[in-house]
Amino acid sequence: MAQVEKRGGLLRKSSASKKPLKEKVVLMYDEIFMTEDPSKCSPRFWEELFLMKVNLEYLEGKLESLDGEELMKIKDNINCLFQHCIQALGEDHPIRVVNALQTLCALIRGVHQKNKSTSGFDIINMLMGFDKAELCMKNLMESLDSLLCAEGSESLKSLCLKLLLCLVTVTDNISQNTILEYVMINSIFEAILQILSHPPSRREHGYDAVVLLALLVNYRKYESVNPYIVKLSIVDDEATLNVSIWILFFLFRQYKDKEEEHQSGFFSALTNMVGSMFIADAHEKISVQTNEAILLALYEAVHLNRNFITVLAQSHPEMGLVTTPVSPAPTTPATPLGTTPPSSDVISSVELPLDADVQTSNLLITFLKYSSIVMQDTKDEHRLHSGKLCLIILTCIAEDQYANAFLHDDNMNFRVNLHRMPMRHRKKAADKNLPCRPLVCAVLDLMVEFIVTHMMKEFPMDLYVRCIQVVHKLLCYQKKCRVRLHYTWRELWSALINLLKFLMSNETVLLAKHNIFTLALMIVNLFNMFITYGDTFLPTPSSYDELYYEIIRMHQSFDNLYSMVLRLSTNAGQWKEAASKVTHALVNIRAIINHFNPKIESYAAVNHISQLSEEQVLEVVRANYDTLTLKLQDGLDQYERYSEQHKEAAFFKELVRSISTNVRRNLAFHTLSQEVLLKEFSTIS
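Rules used throughout
- Along each chain, residue indices are assigned from 1 in the same order as the chain's sequence is written.
- A pLDDT threshold of at least 70 governs which residues receive local features in this predicted model, and a stricter bar of 80 or more applies before side-chain atom pairs are shown or counted, although totals over entire chains, interfaces and linings include all residues.
- To obtain the side-chain values, all non-hydrogen atoms of the structure were included, while hydrogens and water were left out.
- UniProt positions are given in the numbering used here, feature names are shortened, and annotations may be inferred rather than shown by experiment.
- Under the DSSP-based scheme used, a helix requires at least four consecutive residues in state H or I and a strand at least two consecutive residues in state E, with every element numbered from the N terminus.
- Exposure classes here rest on a 1.4 Å probe applied to the protein chains alone. A residue is buried below 20% of its type maximum, exposed above 50%, and partly exposed in between.
- Here, two residues are considered to be in contact whenever any of their heavy atoms come within 4.5 Å of each other.
- Residue-level accessible areas treat just the shown protein chains as cover; the underlying method is Shrake-Rupley with a 1.4 Å probe.
- For the purposes of these results, a polar contact is taken to be a pair of N or O atoms within 3.5 Å, where, inside protein, one atom must be able to donate a hydrogen and its partner to accept one; residues adjacent in sequence count only when each atom of the pair is a side-chain atom.
- Among buried residues, those of type Ala, Val, Leu, Ile, Met, Phe, Trp, Tyr and Cys that are joined through side-chain atoms within 4.5 Å constitute a nonpolar core.
- By convention in these notes, a salt bridge is any Lys or Arg side-chain nitrogen within 4 Å of a carboxyl oxygen on Asp or Glu.
- For patch detection, residues must exceed 30% relative accessible area and be free of salt bridges, and they are connected within 9 Å for like charges or within 5 Å for nonpolar side chains (Val, Leu, Ile, Met, Phe, Trp, Tyr).
- Any Phe, Tyr or Trp ring, taking Trp's six-membered ring, that has another such ring centre within 6.5 Å forms a pair; planes under 30 degrees apart are called stacked, those over 60 apart edge-to-face, and the others tilted.
- Geometrically, a lysine NZ or arginine CZ counts as sitting over a ring once it is within 6 Å of the ring centre and also within 35 degrees of the ring normal.
- Confidence of the prediction at every residue is given by pLDDT, a number between 0 and 100.
- Only the stretch in contact is used when fitting a helix axis, every axis being a line fitted to C-alpha atoms; angles between N-to-C directions are given from 0 to 180 degrees.
- Reported orientations rely on four angle classes, namely roughly parallel under 35 degrees, roughly antiparallel over 145, roughly perpendicular from 65 to 115, and oblique for the rest.
- With the far helix as reference, a near helix turned anticlockwise by less than a right angle produces a left-handed crossing, and one turned clockwise produces a right-handed crossing.
- Side-chain classes follow a simple rule in which Ala, Val, Leu, Ile, Met, Phe, Trp, Tyr, Cys and Pro form the nonpolar group, Asp, Glu, Lys and Arg form the charged group, and the remainder, Gly included, forms the polar group.

The name an unreviewed UniProt entry gives the chain is Armadillo like helical domain containing 3, with Microcebus murinus as the organism. Taken directly from UniProt, the Subcellular location (unreviewed entry) text for the chain runs: "Membrane".

Below, the structure is given as structure tokens:
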């Protein structure tokens, strides 16, 4: 018997003497692309069509091959196909539902691809017809909502989410996708939350559901009332927990996999043998695939609803320490480890036992660990966006009263193993000797790590500004609530001074691209904050003494900064005003240096000591506080609260555009394949 192979919608016998035959479904598509109603000659046409396996490639390609005029001639048939697809979604036979969903994907993508230059209203007319669009979309969204909320096939739910993602991302700028007006009117918010609240669904569909929600929240968010924003901002605690846990465990899984790969692989063994000669090479960095869509979802949750910030403080057993599943307990929900798109692999549920021997962690630690890896490499545009998102999320957290109370709670101590970038001049920290400290110490460690490791030619000015702002907001809380945090403040002071030195030594190069005086002013004002209010939040009087010691020890750096800003503030150049602000801000630092330096030199001369020890310098400092005169500087403990619409709108529009493009690219033919579905629905009842 001659073999039959399928290629491009054709059934071709291996014998060259025979004419190639088309698949039946392709013949039916060809009838739709005629001007006549295909059901006139065949009353059962539509019923039979949805029993045929969809040929996505042929249908989408056929739509793209027609010009605008040809497409308008068959508009009635396209409208009819769209409407019959929606009707088929209500069928009892799952194969018809599957085929209808697949066909809708091809129709939406094909028509949008053809009409990229036209308005959304033309596309609505082409797919549904203006007069029937409202009813069509209402029925479509109701059917999708029912399928997503039903207890039926997980494969059908997956296809529903794929269709919705297809619908949302057909345009790069989702706010120009007018069809989404109907998705706003006929909300599926509750269906998305239900998927995230049900462990089996969450494991299989969590990624698609979270990305879909993040995109819908960003539809015309600055131009009109978006119901998804409203609903997300008032969502209850239980649903909040489900969304947050999934997002952060997805990030945690990426972090944990890469950490283990880095620590146990051949490369790790090789670098141990080579030693520290090449320790700063980029190859030794841990790198995770950045996921802007998941970070965007976390940002929207934290930004819109303070309940999500509350959930970040929820404790859970440390993931990765439990190796064997235990019997499910009614009160302990299964927690997913997340999936990595666009793979369809399903990760098994692991119950987390509340065992006293298992170290507890919380969702904020998960985020900090992930951020410590993402923020180490900002040279790539996507990683830069992810690093920026991490810092914006931390900014929202640093402004929240409840989050700060938790971060600074001295009774809630954790070991947080942040990733530290390998560098030549420092040894790798011994992870096992990490102390238990309030979580704010880990946030400060993360900021110090960023400051120290990103002084480079391609200077990430925006990220540095955000980093310093996070530190400032935490200090404002400590000053306001008189929290005396036991932290190694010297590491922060040293990092800030080194950053000032970097700005000065690269003045010419940096000024060609950035206003470095904005950053310099922020750094100087952090020191002013410590000088003016340090006695209210530094842990001990000796900590305040150490602050003065560091300023005096590094006085040359502050003198050089003063010389630089004085030079530029007395010239009539573009930096005059910005440099002048730094000049005025240095008044107290210069007063400290000018007050104590002569006294230290005098002490050394009287005691015939060529080089004083730290303790001797501190002795001079303590003895001469009374004669020091400082100026009171206003506004040091004030800051402008984060505002997305006024300052970040352009960034988020570009970010959402990038995410939309990536999601659409990942919705390739193989991810819409029917093979698994047809095996699942092998019989028609």
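Participant: Hey, could you run me through the overall build of the chain in this one?
Facilitator: The number of helices and strands found in the chain is 33 helices and seven strands. In the chain, buried positions account for 54% of the 685 residues. By sequence separation, contacts in the chain at least 24 residues apart represent 78% of the contacts at least 6 residues apart. When the accessible surface of the chain is summed, it comes to about 31900 Å², and 51% of that surface belongs to carbon and sulfur atoms.

Participant: Could you clarify how one ought to interpret the side chain of Ser 201 in this entry?
Facilitator: By secondary structure assignment, the location of Ser 201 is in helix α12 (residues 199-217). By relative accessible area, which is 1% here, Ser 201 ends up buried. Reaching out from Ser 201, the side chain makes a polar contact with the side chain of Lys 157 at a distance of 3.5 Å. Beyond its immediate stretch of four places on either side in the chain, Ser 201 contacts Glu 154, Lys 157, Ile 195 and Gly 206.

Participant: Hey, could you run me through the nonpolar core in this one?
Facilitator: Membership of the largest hydrophobic core comes to 220 residues, with the highest contact counts inside it found for Leu 439, Trp 489, Phe 517, Leu 519 and Phe 527. Contact partners of Phe 517, with chain neighbours within four places excluded, come to Leu 511, Met 564, Val 565, Leu 568, Trp 575, Ala 578, Ala 579 and Val 582.

Participant: Would you mind going over the pattern of salt bridges with me for this structure?
Facilitator: Any two side chains of opposite charge can pair if their charged atoms end up close together. Taken as a whole, this structure holds 30 salt bridges when the rule is applied. Between Glu 154 and Lys 157 there is a salt bridge, and its shortest N-O distance comes to 3.9 Å. Pair noted here: Glu 154 and Lys 157 are both in helix α9 (residues 154-169), with a separation of three residues, about one helical turn. Of the residues examined, Lys 157 reaches a relative accessible area of 5% and is grouped as buried. Asp 208 is the partner of Lys 162 in a salt bridge, and the nearest nitrogen-oxygen pair spans 2.9 Å.

Participant: Hey, could you run me through a nonpolar patch on the surface in this one?
Facilitator: Judged by side-chain polarity, Val 225, Val 230 and Ile 234 come together as a nonpolar surface patch covering roughly 320 Å² of accessible area. Along the chain, the position of Val 230 falls in helix α13 (residues 227-233).

Participant: Please explain the environment of Glu 91 as it appears in this structure.
Facilitator: Tracing the sequence through the fold places Glu 91 in the loop between α5 (75-88) and α6 (94-114). A relative accessible area of 35% places Glu 91 in the partly exposed class. Every residue in contact with Glu 91, bar those within four places of it in the chain, is listed here: Arg 96 and Val 97.

Participant: Looking at this model, I keep getting lost on the packing of aromatic side chains. Mind explaining?
Facilitator: Working definition: an aromatic ring pair is given by the centre-to-centre distance plus the angle between the planes. Under the definition given, this model contains 21 aromatic pairs. Between Tyr 548 and Phe 596, the ring centres sit 5.8 Å apart and the planes meet at 85 degrees, which makes this aromatic pair edge-to-face. Remark: Phe 596 occurs in helix α29 (residues 587-606) and Tyr 548 occurs in helix α26 (residues 541-553); sequence separation between them is 48 residues. Residue Tyr 548 is classed as buried on the basis of its relative accessible area of 1%. For Phe 596, a relative accessible area of 0% puts it in the buried group. Above the ring of Tyr 562, the side-chain terminus of Arg 590 is found at 3.7 Å from the ring centroid.

Participant: Looking at this structure, I do not really get the confidence of the model for the chain. What am I missing?
Facilitator: Any segment with low pLDDT has predicted coordinates that should not be analysed in fine detail. For the chain, the mean per-residue pLDDT works out to 81, and 78% of the residues sit at or above 70. The model gives residues 262-284 a pLDDT under 50, and that stretch makes 16 contacts with residues more than four places away or in other chains. Contacts from residues 318-359, a stretch scored under 50 in pLDDT, to residues over four places away or in other chains number 68 contacts.

Participant: Even after reading the chapter, I still don't get the packing of α6 against α9, so can you show me in this structure?
Facilitator: When two helices pack together, you describe them by how their axes are tilted relative to each other and by the distance separating the axes. Across the interface, α6 lies against α9 with an axial gap of 10 Å and an inter-helix angle of 15 degrees. When the axis of α6 is compared with that of α9, the two are roughly parallel. Where α6 crosses over α9, the two elements pack in a sense that is left-handed. Residues Val 97, Val 98, Leu 101, Gln 102, Leu 104, Cys 105, Ile 108 and Arg 109 of α6 lie in contact with α9, whose contacting residues are Leu 156, Leu 159, Cys 160, Leu 163, Cys 166 and Leu 167. Of the residues assigned to the contact of α6 with α9, the class counts are twelve nonpolar, one polar and one charged.

Participant: I keep staring at the environment of Thr 532 and nothing clicks. Help me out?
Facilitator: Turning to its location among the elements, Thr 532 is positioned in helix α25 (residues 516-537). In this structure, the C-alpha to C-alpha distance between Thr 532 and Leu 630, residues 98 residues apart in sequence, is 8.6 Å. What Thr 532 contacts, discounting residues up to four positions off in sequence, is Leu 632 and Leu 636.

Participant: How should I be thinking about unusual backbone geometry in this particular structure?
Facilitator: What is expected of a backbone is that most residues other than glycine have negative phi and most peptide bonds are trans. A positive phi is found at Arg 482, a non-glycine position, where the angle reads about 50 degrees. Of note, Arg 482 is situated in the loop between α22 (461-481) and α23 (489-505). Here the phi dihedral of His 608 falls at roughly 55 degrees; this positive angle occurs in a residue that is not glycine. You can see His 608 is positioned in the loop between α29 and α30 (614-623).

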